[in-house]
Amino acid sequence: MTLEIEKLEGELLAQLNAADNEASLEELRVSALGKKGSVSELLKGLGGMSSEERQVFGPKVNGLKNKLNDLINEKKIALADKALDERLLAEHLDVTLPAKARRQGSIHPIMQVFEEVATIFADMGFSVKEGPDIEDDFHNFTALNFPEKHPARDMHDTFFMQPNEKGERKLLRTHTSPVQIRTMKNEKPPIRIVAPGRTYRCDYDQTHTPMFHQIEGLVIEEGVHMGHLKGVLMEFLARFFEVDGVDVQFRPHHFPFTEPSAEVDVRCDRSGKELKIGTGNDWLEILGCGMVHPNVLTACGLDPNVYQGFAFGMGIDRLAMLKYGIPDLRDMFNSDVRWLENFGFEALFSPSITSGLSR
Ligand code: PHE
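Residues numbered from 1 in each chain as written. Predicted model: local features only at pLDDT ≥ 70, side-chain atom pairs only at ≥ 80, totals over all residues. Heavy atoms only, no water.

**Here's the deal with the domain arrangement of the protein chain**
Domains assigned within the protein chain are domain 1 (2–90) and domain 2 (117–343). For domain 1 versus domain 2, the distance between C-alpha centres works out to 86 Å. (Domains from an automatic or database assignment.)

In structure tokens, the structure reads:
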């Protein structure tokens, strides 16, 4: 019996030595320590022995069982370590290799111009406000003093939604001016904001798309007058077009929400191939503006005898076309990557953000 145990031990240890992967180790474990394993059979055999025999062989068989168990577990860990080492060696990375070139995106001219305009106004103490694209009649028209039958409310200009149960029709805002209303209703003067965003009108040609972009300006403070409006706009136009100064022309105009109202033209030169802003004998229409109408102040709960203010609005897309020589507005929204590679900008928030000429 002793010989038998020693022989078995010898065999098992040889098998253990030979096992060089987890599967063969497991096979060994089952063949020795499993239910019908060789060591388990020996253990079962102890039951049929006399107590003297059991005293002699019991510790031997149990010793073999424990020894084998420990050795198998040790080897299991060693094999796993070895496998890991091998993997680490095989899969090592050379971090000094150059990275794969990534295709770089570019900033859309609209976003570039948004940032340029917002930065110039931020320097003059304006903050940026946003409003919803889907508006209601009150914010887009009524509070802005549009008469009930004003043509801008007409189906031909405005995209209306289906009426709800109460018969109210939401609409896609036709301008950024509703942000004026939302701001005046929510904030106390002094107010100095610019509101950039998408606007919608049913129109489509080289200089019109159904979705376009505007930026609105609003200042409400006691004692504000048209001189302030003119000063702010002249400062803005000179900085935006990167000229020392611009001649501007305030042409009387009509907007329901401002009184008096004006359209602003800048001096320009159309004689050469490229349009030049700031010199020449021509005028180019740039934006609409005026002093906030007393009815608008009243609709927003402000006393027109205390507060005055001015507002202005301009097309971002048009500014981008003028500054960066983009001939067709429709191309801006065709999502053609080649177009973007040509007209796009490298990085937003560059130090030269207001001199975007370094395209
Ligand atoms: N909302 C006007 C438009 O879309 C522009 C404007 C804004 C005019 C503010 C005056 C004051 O045409």
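**What to know about the packing of helix α5 (residues 109–123) against helix α10 (residues 316–324)**
At their nearest, the axes of α5 and α10 sit 9 Å apart, and the two run at 100 degrees to each other. In terms of orientation, α5 lies roughly perpendicular with respect to α10. Here P109, I110, Q112, V113, F114, E116 and V117 of α5 come into contact with α10, specifically with I316, D317, L319, A320, K323 and Y324. In terms of residue class, the contact of α5 with α10 is built from 9 nonpolar, 1 polar and 3 charged. (Axes fitted to C-alpha atoms, helices over the stretch in contact; angles between N-to-C directions. Helix = DSSP H or I, 4+ residues; strand = E, 2+ residues; numbered from the N terminus. Parallel < 35°, antiparallel > 145°, perpendicular 65-115°, else oblique. Contact = heavy atoms within 4.5 Å. Nonpolar A, V, L, I, M, F, W, Y, C, P; charged D, E, K, R; others polar.)

**Topic: the site of the ligand**
As a structural note, the neighbourhood of the ligand is formed by 14 residues, with H175, S177, R201, Q214 and E216 the closest of them. R201 has a polar side-chain atom sitting 3.0 Å from an oxygen atom of the ligand. Within the side chain of Q214, a nitrogen or oxygen atom sits 3.0 Å from an oxygen atom of the ligand. Out of a free accessible area of 330 Å², the ligand has 90% covered by protein chains. Elements supplying a minimum of two residues to the shell around the ligand: β5 (211–221), β9 (282–292) and β10 (308–315). (Near = heavy atom within 4 Å. Polar contact = N/O pair within 3.5 Å; in protein donor to acceptor, adjacent residues only side chain to side chain. Areas by Shrake-Rupley, 256 points an atom, 1.4 Å probe, with all protein chains shown as cover.)

**Details of the pattern of salt bridges**
In total, this model carries 19 salt bridges according to the counting rule given. The partner of K323 in a salt bridge is E116, with the nearest N and O atoms 2.6 Å apart. In this pair, K323 sits in helix α10 while E116 sits in helix α5, placing the two residues 207 residues apart along the sequence. This pair shows no difference in class: K323 is buried, exactly as E116 is. With a closest N to O distance of 3.0 Å, E221 and R192 form a salt bridge. Of the two residues, E221 is situated in strand β5 and R192 in strand β4 (residues 191–200); the sequence distance between them amounts to 29 residues. What you see here is one network of salt bridges that share partners, running through E116, E242 and K323. (Salt bridge = Lys/Arg side-chain N within 4 Å of Asp/Glu carboxyl O. Buried < 20%, exposed > 50% of the residue type's maximum accessible area, 1.4 Å probe, protein only.)

**Regarding the packing of aromatic side chains**
For the structure on display, the rule yields 12 aromatic pairs. Ring geometry for Y324 and F345: centres 4.8 Å apart, planes at 70 degrees, overall edge-to-face. Here Y324 is found in helix α10, whereas its partner F345 is found in the segment after α11 (337–343), with 21 residues between them in sequence. Each member of the pair, Y324 as well as F345, is classed as buried. Aromatic side chains W339 and F343 sit 5.1 Å apart centroid to centroid with 40 degrees between the ring planes, which places their arrangement in the tilted category. Remark: F343 and W339 occur in helix α11; sequence separation between them is 4 residues, near one turn of the helix. Residue classification places W339 among the buried positions, given a relative accessible area of 11%. A connected cluster of aromatic rings, assembled from ring pairs, spans F121, F126, F236, F240, F241, F310 and F312. Here K323 stacks its cationic end above the ring of F240, 4.4 Å away from the centre of that ring. (Phe/Tyr/Trp six-rings, centres within 6.5 Å; stacked < 30°, edge-to-face > 60°. Lys NZ or Arg CZ within 6 Å of the ring centre and 35° of its normal.)

**So, the environment of F160**
Looking at the secondary structure, you find F160 in the loop between α6 (137–140) and β3 (171–172). The exposure class assigned to F160 is buried, which follows from its relative accessible area of 16%. Between the C-alpha atom of F160 and that of I277, which follows or precedes it by 117 residues, the distance is 38 Å.

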